[in-house]
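Chain by chain, the residues:
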Amino acid sequence: MTTTQGVLARVDTDFAALQGKWLDWLRIPSISAQPRHAADCRAAAEFARADLESLGFSARLVETPGHPVVLAHHAGPGGNAPHLLFYGHYDVQPPEPLELWHSAPFDPAIVDGPHGPRVVARGAVDDKGQVAMWLAAMRAWHAETGSLPVAITAVIEGEEEVGSVNLEAFLAAHAPELQADIAVISDTNMWDINTPAITTGLRGLVYLQIDIKAASRDLHSGMFGGSARNPINALTRALAALHEDNGRIAIPGFYDGVAELTNSQAVSWAALGFDESKFLGDIGLSIPAGEAGRGALERLWARPTCDVNGIWGGYAGPGAKTVIASEAGAKVSFRLVPGQNPVAIIEGFRQFMRAHLPADVQMNVQEFAHGPGIEVPAESRFVQAARDALAEEYGRPAVLAGCGGSIPVVGSLKRMLGLDSLLMGFGLDDDQIHSPNEKFEVACFRHGVRSHVRLLGLLAAG
Ligand code: BES
Ligand code: MN
Ligand code: MN
């Protein structure tokens, strides 16, 4: 029996304990967006720090102006074993709306589903569940061999879900300590439950809030309607103008730098046979949205978007209240693809809205997050090792996939440290991340742990 096989056997015999650690971590409500949960964020960080320390890491919390970062080092076996930087996030999205959960979000429930048991909790998969997988893989290696087969630095941050606002300062301040050959990240999805995936690109994000103010006070809509400007009408009209009828975004210069699909992307994505009708059917929809004349995966993975994420103003209580509000506002996000400049997009939005709003309404635009779209290399010895690990674990090759979501650290690691990322994730499209009843299939967790065990073994072997 090879060492890796011994470690894999460990995963199976110790599985209940490995799963138990994952569930214990989920009980800590580490909601980074909500200030009243700051102590819980710290507790979740401390939980991970202690876990890493018990695996032989030297592990500490690094303070930031926000929530602390867990930073840990394990020297591995020495020699010329590679040095891996594992990144993940311990923070989770707010669980609201609470009334839509079938069980308490921070009391993980094990529920039977079509693929066997699944764990339902906020953070079940994003990202505590996926971090718990690589921690479990390291635990199995440690239990079987008393050490780890490669050198490892672990970075687990607590502000990914709020845009990783303090992470670049952390990376800059600790750059010498973060030297590694590759960053390994499990925070993305599989293709489907039987087919693993390696993600080769992420969209970027610009997230803005626009507030507009018209009259100096709320007005009777009969006495003033027809003369006084309605800021909700003005805002919705300007927001509606952001999209052309064909789904393209109307901001001048918005598509500057956006490349067409390469031939090999077009061919390999077409070969995946993505079923958009099913994708939409699963969420109760039937008509594809987005840009006309583009493929489904192209629209999800390689085209930028603009979406209103929230909108408010005026009276929204029961019954009728005849009023022209004085203020209105909206949250607007853009998903970006490589080549687009986030700063130029923000400026373009500002100018577009100013030009589409009447001159006597005031407008204020605030920025909450911005980061560019990025591609990660699809060919390297690390990607090859991951493909081998996944093929061995699943008995079929991994798909090279895009991803519509964003993980800010990936661009920062490349730009600031010259470090490429390997994105090997085990989530599914129906995991309901960021939504009520987030879940992670125990089967995905288990294969994820075993895939990480194999990856470490393959990289150790060189
Ligand atoms: N794990 C997700 C990224 C993701 C989304 C992967 C969908 C696979 C499918 C990550 O935690 C996330 O939610 N990122 C945010 C980033 C933002 C807050 C800067 C996102 O994409 O909205
Ligand atoms: Mn995540
Ligand atoms: Mn997330």
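Residues numbered from 1 in each chain as written. Chains lettered and ligands numbered in written order. Predicted model: local features only at pLDDT ≥ 70, side-chain atom pairs only at ≥ 80, totals over all residues. Heavy atoms only, no water.

## A closer look at the overall build of the protein
Assigned secondary structure in the protein consists of 13 helices and 19 strands. Computed over C-alpha atoms, the radius of gyration of the protein comes to 24 Å, within 12% of the 23 Å expected from 2.2 N^0.38 for 462 residues, which places it in the range of a compact globule. C-alpha atoms of the protein, sized along the principal axes, occupy 85 × 50 × 45 Å. Looking at the protein as a whole, 51% of its 462 residues qualify as buried. Within the protein, residue pairs in contact and separated by at least 24 positions form 79% of the contacts whose partners lie at least 6 positions apart. For the protein, the exposed surface amounts to about 19900 Å²; the carbon and sulfur share of it is 52%. Taking the average place of the 35 positive charges on the side chains of the protein and the average place of its 52 negative ones, the gap between the two points comes to 3 Å. (Helix = DSSP H or I, 4+ residues; strand = E, 2+ residues; numbered from the N terminus. Rg over C-alpha atoms; globule rule 2.2 N^0.38 Å. Buried < 20%, exposed > 50% of the residue type's maximum accessible area, 1.4 Å probe, protein only. Contact = heavy atoms within 4.5 Å. Areas by Shrake-Rupley, 256 points an atom, 1.4 Å probe, with all protein chains shown as cover. Lys, Arg positive; Asp, Glu negative; His and termini not counted. Charge placed at Lys NZ, Arg CZ, Asp CG, Glu CD.)

## Some details on the coordination of the manganese ion (ligand 3)
Geometry reference: four tetrahedral donors at a metal, ideal angle 109.5 degrees. Six octahedral donors, ideal angles 90 or 180 degrees. Protein-derived coordination of the manganese ion (ligand 3) comes from Asp 126 (OD), Glu 161 (OE), Glu 161 (OE) and His 434 (NE2), at a distance range of 2.1 to 2.5 Å. For the manganese ion (ligand 3), the six donor atoms are set out with angles of 56 to 156° between them, so the coordination reads as irregular. For the manganese ion (ligand 3), the single-chain donor residues occur in sequence as D-x34-E-x272-H. The manganese ion (ligand 2) is placed at 3.6 Å from the manganese ion (ligand 3), the two being bridged by Asp 126. With Glu 161 in the loop between β6 (151–157) and α5 (167–173) and His 434 in the loop between β18 (421–425) and β19 (439–441), this pair connects stretches of sequence that are 273 residues apart. (Donors = N, O, S within 2.8 Å, 3.2 Å for Na, K, Ca; no water. Tetrahedral: all angles 85-135°; square planar, octahedral: opposite > 155°, others 65-115°.)

## Remarks on the site of ligand 1
Neighbouring residues of ligand 1: 15 residues in total, closest Glu 160, Asp 187, Arg 335, Ser 406 and His 434. Side-chain polar atom of Asp 126 to an oxygen atom of ligand 1: 3.0 Å apart, as the coordinates give it. The protein chains hide 86% of the 520 Å² of surface that ligand 1 would expose on its own. When the residues that make up the shell around ligand 1 are grouped by side-chain class, the tally is four nonpolar, six polar and five charged. (Near = heavy atom within 4 Å. Polar contact = N/O pair within 3.5 Å; in protein donor to acceptor, adjacent residues only side chain to side chain. Nonpolar A, V, L, I, M, F, W, Y, C, P; charged D, E, K, R; others polar.)

## Considering the domain arrangement of the protein
Domain boundaries in the protein define domain 1 (3–202 + 373–461) and domain 2 (204–256 + 302–371). Placing a centre on the C-alpha atoms of domain 1 and another on those of domain 2 gives a separation of 36 Å. Of the residues lining the interface, nine residues belong to domain 1; the matching set on domain 2 comes to nine residues. Both sides of the domain 1 and domain 2 interface together cover about 500 Å² of buried area, and 49% of this is carbon and sulfur. Viewed at the interface, domain 2 and domain 1 are joined by zero salt bridges. Put simply, domain 1 and domain 2 have two residue pairs in polar contact (both at pLDDT 80 or more) between them. Across the side of domain 1 that touches domain 2, the residue classes tally to three nonpolar, five polar and one charged. (Domains from an automatic or database assignment. Buried area = accessible area lost by both parts, 1.4 Å probe. Salt bridge = Lys/Arg side-chain N within 4 Å of Asp/Glu carboxyl O.)

## A look at helix α1 (residues 3–13)
Three or more residues of α1 are buried, namely Thr 4, Gly 6, Val 7, Leu 8 and Val 11. At its buried positions, α1 is contacted by α2 (15–26), α4 (128–145) and α13 (442–460).

## A few points about the pattern of salt bridges
Inspection of every chain in the model, using the stated rule, returns 30 salt bridges. For Asp 24, the salt bridge identified is with Arg 27, shortest N-O distance 2.6 Å. What makes Asp 24 partly exposed here is its relative accessible area of 39%. For Lys 439, the salt bridge is made with Asp 430, and the minimal N-O distance between the two is 2.8 Å. When its relative accessible area of 3% is taken as the criterion, Lys 439 is described as buried. Among the residues examined, Asp 430 registers a relative accessible area of 40% and is labelled partly exposed. In this structure, a network of salt bridges that share partners links the residues Asp 12, Glu 392, Glu 393, Arg 446, Arg 450 and Arg 454.

## A word on the sheet that holds β6
Spatially, eight strands are ordered β1-β2-β6-β3-β7-β18-β8-β17 in an open sheet, and the strand pairing comes out mixed. Each having just a single partner strand, β1 (58–62) and β17 (399–401) make up the two edges of the open sheet. Here the strands of the sheet are splayed against their neighbours by 25° on average, with no regard to which way each runs. One ladder, built from three bridges, connects strand β8 (residues 197–199) with β17; its direction is parallel. Across the sheet, Ile 198 pairs through a bridge with Leu 400, a residue of β17. Across the sheet, α4 is in contact with β3 (83–89), β6 and β18; its angle to β3 comes to roughly 145°. (Pairing = 2+ DSSP bridges. Axes fitted to C-alpha atoms, helices over the stretch in contact; angles between N-to-C directions.)

## Focus on the sheet that holds strand β4 (residues 109–113)
With respect to topology, three strands assemble into an open sheet ordered β4-β5-β19, the strand pairing being antiparallel. Each of the sheet's edge strands pairs with one partner strand only, and the pair in question is β4 and β19. For this sheet the average axis-to-axis angle between neighbouring strands, irrespective of direction, equals 35°. As paired strands, strand β5 (residues 116–120) and β19 are joined by three bridges and run antiparallel to one another. Residue pairing across strands places Val 119 opposite Phe 440, the latter belonging to β19. Contacting β4, β5 and β19, α2 crosses the sheet at an angle of about 30° to β5.

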